[in-house]
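What follows is the residue order along each chain.
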Amino acid sequence: MAWNKEFECMSLDDLQRFQLKKLNETISWLYEKVPPYRKKLDDAGIKPEGIKSLEKMQELPFTVKADLTGNYPFGLCAVPLKEVVRLHASSGTTGKPVTGPYTADDLEQWTECMARLVWAAGVREEDIFQNAFGHGLFTGGMGHHQGATRIGCTVVPTSSGMTERQILLMKDFGTTAIGCTPSYALTIAERAEEIGMPVKDLRVRVGLFGAEPWTLAMRSEIEERMGIKATNNYGLTELGGPGVAFECVEARDGMHINEDHFIAEIIDPITLQPLPLGEKGELVLTAVQRRAMPLLRFRTKDITSLTREKCPCGRTLVKMGRIVGRTDDMLIINGVNVFPSQIESLLKDIPEVEIQYLIVVRKKKHLDELNLKVEARREVYEAGPEKIAEIAKKIDDYIKGIMGIRVLVELAAPKTLKRSEGKAVRVIDERPK
Ligand code: ADP
Ligand code: ZN
């Protein structure tokens, strides 16, 4: 059983006492072992023994991605490499990769956090769990593997890609739970329909999805097409990968944060001041049980809010809402702030198109131009140019009405946009930097 009742249902008082103790151990550890942190702590006037209460969290220095890339590969590693038993790395699409080192203890903690996640999604010993997250440097595959193995279900490590084979195995092995990115889930659903083996008709009943932004619209699309319940989970390489937060299948309305491992705060990304529960801002996370590379107040750039309410599942762990976007993928279109997720949610209201889209932003003279390529459903496309133009205009008007921006909509032919096997690329910004 991987339901850690002691920690997942702890009272707030006990939890905060535990967090403070672990946080101070981490501060001392960093002070002693990691010179760049010693300097940060000295500059902030923090003593190696730590802080007196969690209210003083705000006095601790932040850590940002540049601290990691600037100290690449091992500058923030707190243990000699001989104590490191695993190295992961983020994909590094935006420059140098980020290193994720783990001691044997860190791996154990990660497995514990992941087992809680898999269990909370309702996966049990008798389940067949098909793990279609990429196995390798990316933390998604190995993380889910460890957690699901701990539960004792039957793990099928397909990794991502080779979609038809995924579907055949799903059928032959009687897969009941699947893990992958939400965009890949949609790719699988679509392919399965094409080969006449809709996932709906198979035994899969639950999906463990995460690692990229997705909207409620996308969730209902996946649920309808696959005939499953979809849960959301969150993590990042800097904090050890997935397992930071997970949805319980009972509520599916926010992700419980493993708070005995990660202290979560929400700050205003401009003033850097903490925001109260319920308010949206940038998620900041402190890892208090890791040893190879614990981070203090890591600014994730992910925008969400926290709520602490009684959950039907019985967990007391705080919940983070669905990520609405990242501070660095918010597009400013002629002065209006636009998140790709807003556009994605609106597409669900247009029955003539699929949720397969690509946003390309260009500069035309002095104005920003947002081009939205979205895939038409086959009947619509085959109805001819007039119908296509009518739907494109309908989408433009709808987006304009709700978001106040004009969008140049192009309806693409069915199955022409690139399908995702991992993290989907939804935005290309071609404006000069
Ligand atoms: P990379 O930086 O190479 O993409 P990571 O896997 O570390 O590698 O990416 C972590 C980021 O992925 C998070 O900071 C967040 O922006 C995004 N992410 C992860 N899980 C979710 C989720 N459930 N919902 C939305 N975004 C997510
Ligand atoms: Zn819950």
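Keep in mind it's a predicted model, so treat the numbers as computed, not measured.

## Section: the packing of aromatic side chains
- Within the structure shown, the criterion is met by three aromatic pairs.
- Relative to Phe18, the ring of Phe7 lies with its centre 4.9 Å away and its plane at 55°, an arrangement referred to as tilted. Of the two residues, Phe7 is situated in helix 1 (residues 5–8) and Phe18 in helix 2 (residues 12–33); the sequence distance between them amounts to 11 residues.
- Positioned above the aromatic ring of Tyr102, the side-chain terminus of Arg290 is 5.1 Å from the ring centre.
- Across from the ring centre of Phe62, 5.9 Å away, lies the NZ or CZ of Arg299, which sits over that ring.

## Remarks on the coordination of the zinc ion (ligand 2)
- At the metal site, the zinc ion (ligand 2) is ligated by Cys248 (SG), His256 (NE2), Cys311 (SG) and Cys313 (SG), and these contacts range over 2.1 to 2.3 Å.
- Considering all four donor atoms around the zinc ion (ligand 2), the spread of angles at the metal, 104 to 113°, places the coordination shape in the tetrahedral class.
- All donor residues of the zinc ion (ligand 2) come from one chain, and their arrangement in sequence is C-x7-H-x54-C-x1-C. One end of the pair, His256, is in strand 9 (residues 255–257); the other, Cys313, is in the loop between strand 13 (306–307) and strand 14 (319–320), with 57 residues separating them in the sequence. Across the pair, Cys313 and His256 agree in class, each one buried.

## Thoughts on the pairing of strand 3 (residues 128–131)
- Of the two faces of strand 3, the one lined by Ile128 and Gln130 and the one lined by Phe129 and Asn131 are each fully buried.
- Note: strand 3 against strand 4 (residues 154–156), three bridges, orientation parallel. Within strand 4, the position partnered with Ile128 by the bridge is Thr154.
- Taken together, strand 3, helix 6 (residues 139–151) and strand 4 form a β-α-β motif whose crossover is right-handed.

Parameters at a glance
- The written sequence of each chain sets the order in which its residues are numbered from 1.
- Note on labels: chains are lettered from A, ligands numbered from 1, in written order.
- Residues qualify for local features only when their pLDDT is at least 70, as the model is predicted, and side-chain atom pairs are given and counted only at 80 or more; totals for whole chains, interfaces and linings, by contrast, use all residues.
- Side-chain figures throughout are based on the complete set of non-hydrogen atoms in the structure, without hydrogens or water.
- Geometry of aromatic contacts follows a simple scheme: Phe, Tyr and Trp rings, the Trp one being its six-membered ring, pair when their centres are within 6.5 Å, and the pair is stacked under 30 degrees between planes, edge-to-face over 60, tilted otherwise.
- Numbered from the N terminus, helices here are DSSP runs of H or I no shorter than four residues, and strands are runs of E no shorter than two.
- Two conditions define a charge sitting above a ring: the NZ of Lys or the CZ of Arg must be within 6 Å of the ring centre, and it must be within 35 degrees of the ring normal.
- Water is not part of the atom set, so a site may look incomplete; the donors themselves are N, O and S atoms within 2.8 Å of the metal, or 3.2 Å for Na, K and Ca.
- In short, tetrahedral needs four donors with all angles between 85 and 135 degrees, square planar needs four and octahedral six donors with opposite donors over 155 degrees apart and all other angles between 65 and 115, and whatever is left is irregular.
- Partly exposed describes any residue whose relative accessible area lies between the buried limit of under 20% and the exposed limit of over 50%, with all areas from a 1.4 Å probe on protein chains only and scaled to the type maximum.
- By definition, two strands form a pair when at least two bridges between them are found by DSSP.
- The handedness rule is simple: strands pointing away from the viewer, and a clockwise path from the first strand over the helix to the second, make the crossover right-handed.

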